[in-house]
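Fold and geometry: a report
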Amino acid sequence: MELKLASGFAFDYGNLFGEGKVTAADLEEYAPAIQQAHAAVTHMRQTGLVRGHLSKDGAPEPVLFSQLPYVSPEHLNSPASLAHLEELSRWARDEADAVVSLGIGGSYLGNKVLFDVHCGEFWNLQTREQRDGWPEIYFSGNNIDPRRTSDLICHLAHKAQVAKTHAKRPFTVLLLVISKSGGTLDTMSNFMVLYEALTQTKNVRVQVAAVTDPDEEHLTLLKKLAMEKGWPTYRVPDGIGGRFSVFCDVGLTLAACIGFDIPEFLRGAREMDEACQTENIWQNPAMLNAALKFIAGEKYGRDLEVMMPYGDYLKSLSEWYIQLLAESLGKQYDREGREVCYGRTPLAAVGTTDMHAQTQQHQEGKLNKIVQFIRVEQWPEDRMIPNVFPEAAPLAAISGVTMAQALEAARQSNAEALTANHRFNALFSLPELSAYHLGALMYMLSLSIAYEGELADVDAFNQPGVEAYKKLMGPRLAALKH
Ligand code: PA5
């Protein structure tokens, strides 16, 4: 049972829908709510309004992420904003030796996905020629970890020394500081530590670019600093929440520094958005995904979702999805103020790695999970597993197939075993791991969250729960100074 789009993207929901799973009768029962959800999502797309959504200051706030795939002069992504990104791209290629992307939560997780998928694990170990002229990329600000930050400073100082000795030139580091609010402790503390250390390090040339809320009436700290210091700025506009920001300058600035195909990424998102405009649930992957998972939770107690792509470089996609699902749908109150304590708990996994760690629990633990697989159909590189030790019969038996075939055989076996033991699971299939298909998948998951927020009647676009610890942490930090 599969919903397949013209792009080749497919949602196989056969192990989530049918006898002993979410049934046709269930969908029938929820049909009015699903129709209403579709009307609300259509309204959001057309007007930017979502019923009951308020910013953390309690003011009405638009929800505009569904505008991002459409590049036009009146939109958040415009020909002018893309031209500004191209300038960054040219500068990064011509001038930067290293870029440090500083951010946390929504200002980090999507960027890490783009980096992992496009660059892979060994990017920074390659020569500049092998990287096609693009700079090395590092991440920071995603924790307040003194050891890692010190290690990063030492590493960059060493690189600068090597540049001096071998190339007799300075080592240029771009600090790409990403914070919508412009004052997040984790990001800004790392920025200040790195800025001070690197500006005092011999042979390092430090440049800064700031990605923050552009509102000139209520300047963020970061925006103010950027204006004072003359740093170039990029925008996280009003109406774009952190976890939906990979399609705006948050993700696109990093994309510009690695040669990631921005137009294709946005085209994938746009074509997915167009595909999801139909009210026919069997042709609308975002709506179908939301409805099946919502009902699986409400009627069958499946209130955990394991995001399990098969492939190492997609692990960060699971981590990005954790934030998207957790912050959007984990809500104590519905929009009428009734206590509902809604939300599926997300778990990150990766195949085949976690088949040797988590699968025991998925297969035999509490009947409370949906395992969501992601499969890449065509890998750009594949290798035959050779029969190099014919004398070792068990090894000979696993040879003669490609690694991609073995990976998919493992996934299929996992799905079949789970299904045989009444474990709900589903599959998103991407024809290949391109910017286009990644854009389509990340957008579909974002839109699906909007649908599920409507079905559960919770505000999917706020995160009041993260304020609780922040209120306690401020005074605690202040007390430390005394
Ligand atoms: O989704 C969110 O809103 C959060 O995860 C934020 O992205 C995160 O807290 C970082 O915030 P900021 O970009 O303001 O530094």
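Only a predicted model underlies this, so the values are computations on that prediction, with no experimental measurement involved.

Calculation criteria
- Residues numbered from 1 in each chain as written.
- Predicted model: local features only at pLDDT ≥ 70, side-chain atom pairs only at ≥ 80, totals over all residues.
- Heavy atoms only, no water.
- Near = heavy atom within 4 Å.
- Polar contact = N/O pair within 3.5 Å; in protein donor to acceptor, adjacent residues only side chain to side chain.
- Areas by Shrake-Rupley, 256 points an atom, 1.4 Å probe, with all protein chains shown as cover.
- Nonpolar A, V, L, I, M, F, W, Y, C, P; charged D, E, K, R; others polar.
- Domains from an automatic or database assignment.
- Buried area = accessible area lost by both parts, 1.4 Å probe.
- Salt bridge = Lys/Arg side-chain N within 4 Å of Asp/Glu carboxyl O.
- Helix = DSSP H or I, 4+ residues; strand = E, 2+ residues; numbered from the N terminus.
- Disulfide = S-S within 2.5 Å.
- Pairing = 2+ DSSP bridges.
- Axes fitted to C-alpha atoms, helices over the stretch in contact; angles between N-to-C directions.
- Contact = heavy atoms within 4.5 Å.

Turning our eyes to something else, we now look at the site of the ligand. Neighbouring the ligand are 13 residues, the closest being Ser107, Ser179, Ser181, Thr184 and Gln323. The side chain of Glu327 places a nitrogen or oxygen atom 2.8 Å from an oxygen atom of the ligand. Isolated, the ligand exposes 380 Å² of accessible area, and the fraction of that covered by the protein chains is 84%. In the shell around the ligand, the residues fall into one nonpolar, nine polar and three charged. Domain assignment of the residues forming the shell around the ligand places at least three in each of domain 1 (2-51 + 265-466) and domain 2 (97-256).

Moving on: the domain arrangement of the chain. As assigned here, the chain comprises domain 1 (2-51 + 265-466) and domain 2 (97-256). Inter-centroid distance (C-alpha atoms) of domain 1 to domain 2 is 31 Å. The three residues of domain 1 that bury the most area against domain 2 are Phe265, Tyr313 and Gln323, which together make up 35% of that side's buried surface. The tally of links between domain 1 and domain 2 comes to one salt bridge. As a salt-bridge pair, Glu327 and Arg243 come within 3.1 Å of each other at their nearest N and O atoms. Inspection of the domain 1/domain 2 interface yields eight residue pairs in polar contact (both at pLDDT 80 or more). It is helix H11 (residues 315-329) that contributes the most residues to the side of domain 1 that touches domain 2, eight residues altogether. Split by residue class, the side of domain 1 that touches domain 2 holds 15 nonpolar, seven polar and three charged.

Scanning the model with the defined rule gives zero disulfides in all. Counting only cysteine sulfurs, Cys257 is the nearest neighbor of Cys119, a cysteine outside any disulfide, at a range of 10 Å.

On to the sheet that holds strand E5 (residues 171-178), then. If you trace the five strands from one edge of the open sheet to the other, you get E4-E3-E5-E6-E7, paired in parallel fashion. Strand pairing shows two members of the sheet lacking a second neighbour, strand E4 (136-140) and strand E7 (233-235), which therefore form its edges. Strand after strand, the sheet turns through a mean of 20° between neighbouring axes, direction not considered. Alignment of strand E3 (residues 98-102) against E4, held across five bridges, turns out to be parallel. Bridge pairing in E4 places Leu102 opposite Ser140. Packed on one face of the sheet, helix H4 (residues 109-119) meets E3, E4 and E5 and runs near 150° to E4. The strands that helix H8 (residues 249-258) touches are E3, E4, E5, strand E6 (204-212) and E7; relative to E5, the one it contacts most, it runs at about 165°.

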